[in-house]
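# Observations on chain architecture
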Amino acid sequence: MKRLLILSTFYSGGGAALVARRTLEAVRARGIEARMLVSGPLPDDAPPYVRRVSGAKWTVLRYLEKLQTLVALRGRRENLFRFSTASEGLSEVLRNPWFEWADTVHIHWVQQSFLSLSDLGKILERKDKRILWTLHDLWPLTGGCHSPYTLGAEGETVLCERFREGCGRCPVLRKAPRDPSDLSSRLFRKKMAWPVDCVTFLAISRKMEAIIKQSPIGAKGKTVLLPNFFDPSLFFVKADPPRKRRILFVAARPDDPVKGLDMAKEALRKASERHPGFRDEFHFTLVGTPKDETLLSDWPLPLERIPRPSKTELADLYRTSTLTLSSSRMETFGMTLLESLASGTPVVSFAIDKPSTFLREGTNGSFAPPFDTGALAECILRVCHAEVPFDPGTVARTVETFREDAVMARFTRL
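These notes cover the structure that comes with them.

Rules used in this analysis
- Residues numbered from 1 in each chain as written.
- Predicted model: local features only at pLDDT ≥ 70, side-chain atom pairs only at ≥ 80, totals over all residues.
- Heavy atoms only, no water.
- Helix = DSSP H or I, 4+ residues; strand = E, 2+ residues; numbered from the N terminus.
- Rg over C-alpha atoms; globule rule 2.2 N^0.38 Å.
- Buried < 20%, exposed > 50% of the residue type's maximum accessible area, 1.4 Å probe, protein only.
- Contact = heavy atoms within 4.5 Å.
- Areas by Shrake-Rupley, 256 points an atom, 1.4 Å probe, with all protein chains shown as cover.
- Lys, Arg positive; Asp, Glu negative; His and termini not counted.
- Charge placed at Lys NZ, Arg CZ, Asp CG, Glu CD.
- Pairing = 2+ DSSP bridges.
- Right-handed = clockwise from strand over helix to strand, strands pointing away.
- Axes fitted to C-alpha atoms, helices over the stretch in contact; angles between N-to-C directions.
- Polar contact = N/O pair within 3.5 Å; in protein donor to acceptor, adjacent residues only side chain to side chain.
- Phe/Tyr/Trp six-rings, centres within 6.5 Å; stacked < 30°, edge-to-face > 60°.
- Lys NZ or Arg CZ within 6 Å of the ring centre and 35° of its normal.

Before going further, it helps to examine the overall build of the protein chain. Helix and strand counts for the protein chain stand at 13 helices and 15 strands. Compactness check: the protein chain gives a C-alpha radius of gyration of 21 Å against a globular reference of 22 Å for 414 residues, within 12% of the reference. When the backbone C-alpha atoms are referred to their principal axes, the protein chain occupies close to 60 × 55 × 40 Å. Burial status across the protein chain gives 56% buried among its 414 residues. A separation of at least 24 residues holds for 67% of the contacts in the protein chain among residues at least 6 apart in sequence. Summed over its atoms, the accessible surface of the protein chain is roughly 17500 Å², and 52% of this surface lies on carbon and sulfur atoms. Averaging the locations of the 62 positively and 48 negatively charged side chains of the protein chain gives two centres separated by 5 Å.

So this is what it looks like as structure tokens:
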């Protein structure tokens, strides 16, 4: 690998864009010539080795694809960002001089009309290039959904197994009666036609690695476990900073149903009922930008909103909070909780598959059975009242596993 091209819809905003950007800078710091093509907006201070492809055209295609997806969803706007048809894309990416220049192409999150199904197929056909594909969600393996989960009557997450069999009868599309040859089935067949035998899928967790290998699409390629990485020096602090009575919740899109903000609200309400002084003692800080503000009405605790903090501001929020709360129904990695641990701040979450890799009861936080909001409330109260031990030594050893140097050494050896 001498010339690496990274493809990502966005340069900033959301976890996938952040990982793509961090990868770009990390490989360049190690002497590998790397560039990046995006379709989303770029800041004024974007480096010269990052370029935007056809911004005006992308905006038109993005809205056209959204309209087509909305029709397929029968107007159910709540599922609009859970399903991507990839019917539209910027085919000029394949004619871009940077694409021809690269000998390795690293695909990240490329939905929302950056690359269509057809564009991706043509990229994968290029036998003169090595293809790496980091899966930030399961869209490459499904008939259109990004996370194949459905919500049960009690708020629990149920993994939809249809993608293991070719999709069809898609619960996100909710066509009644459910059609075995619906849009998800047709899109799945198109993906099955991709020549993925030359692709190396990069799984960011062991759970993701297992799912890729069990997928009819993923099983045709090679899969390598390569977790996300971060620089803990930004978060790590030797001296114990003064703590504020703050419960921190961090998500780029907090109202995404997968983030479970509704369950966080319910858990905080139950905590307030069980401990009368809880509301007066603590406040809730929400980092992120929800598109739907409905859930934030009648919040159980005093509410502080911080839409887009800088890196240093976010690090300070982690360091000075009492705990970081996650109520996610599903996580592919859990970077915000890892950042919290690196800051010396315990976490509270449901004990879901991810980020359970680096969470340990009685060591770095407290974890409730999925998706018991009463138990989550008890976990919050226990940590807030310092009833849960926090072991800095164990946390430090965990954090070391995800350091940039450790992960990038494996990446450059691929």
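This next bit is on the pairing of strand β5 (residues 130-135). Within a regular strand, side chains alternate between the sheet's two faces. Counting buried positions along β5 gives five out of six residues, so the element sits mostly inside the fold. Taken together, the four bridges between strand β4 (residues 104-107) and β5 define a ladder with parallel strand orientation. Its bridge partner lying in β5, Thr104 is registered against Arg130. Handedness of the β4-helix α4 (residues 117-124)-β5 crossover: right-handed. Note that β5 and strand β8 (residues 199-203) share five bridges and pair parallel. Pairing of Trp133 across the sheet is with Phe201, part of β8.

For the rest of this paragraph, the subject is the sheet that holds strand β11 (residues 283-287). What the six strands build is an open sheet, ordered β12-β11-β10-β13-β14-β15; its pairing is parallel. Both edges of this open sheet fall to β12 (303-306) and β15 (365-368), since each of them pairs with a single strand only. Strand-to-strand twist of the sheet, defined as the mean angle between neighbouring strand axes without regard to direction, takes the value 25°. Sheet topology note: the strand β10 (residues 246-250)/strand β13 (residues 323-325) ladder contains two bridges and is parallel.

Moving on to the side chain of Arg319. Structurally, the position occupied by Arg319 is in helix α9 (residues 311-320). Looking at Arg319, the relative accessible area reads 14%, which means it is buried. A distance of 2.8 Å separates a polar atom in the side chain of Arg319 from a polar atom in the side chain of Asp316.

Aromatic rings in a pair are described by how distant their centres are and how their planes are angled relative to each other. For the coordinates displayed, the defined rule picks out eight aromatic pairs. On the numbers, 5.9 Å between centres and 80° between planes, the contact of Phe10 with Trp58 is edge-to-face. Within this pair, whereas Phe10 is found in the loop between β1 (3-7) and α1 (15-29), its partner Trp58 is found in helix α2 (residues 55-72), the two being separated by 48 residues in sequence. Of the two residues, Phe10 and Trp58, neither departs from the other in class, the shared state being buried. Connected via pairs of aromatic rings, a cluster forms that spans Trp133, Trp139, Trp194 and Phe201. Its end group placed over the ring of Tyr49, Arg28 keeps NZ or CZ at 3.6 Å from the ring centre. In this structure, Lys191 is placed above the aromatic ring of Trp139, and the distance from its NZ or CZ to the ring centre is 3.5 Å.

Here we take up the pairing of strand β9 (residues 222-225). Alignment of β8 against β9, held across four bridges, turns out to be parallel. The residue bridging Ala203 from the neighbouring strand is Leu225, located in β9. Regarding topology, helix α6 (residues 206-214) serves as the crossover connection from β8 to the parallel β9, and that connection is right-handed.

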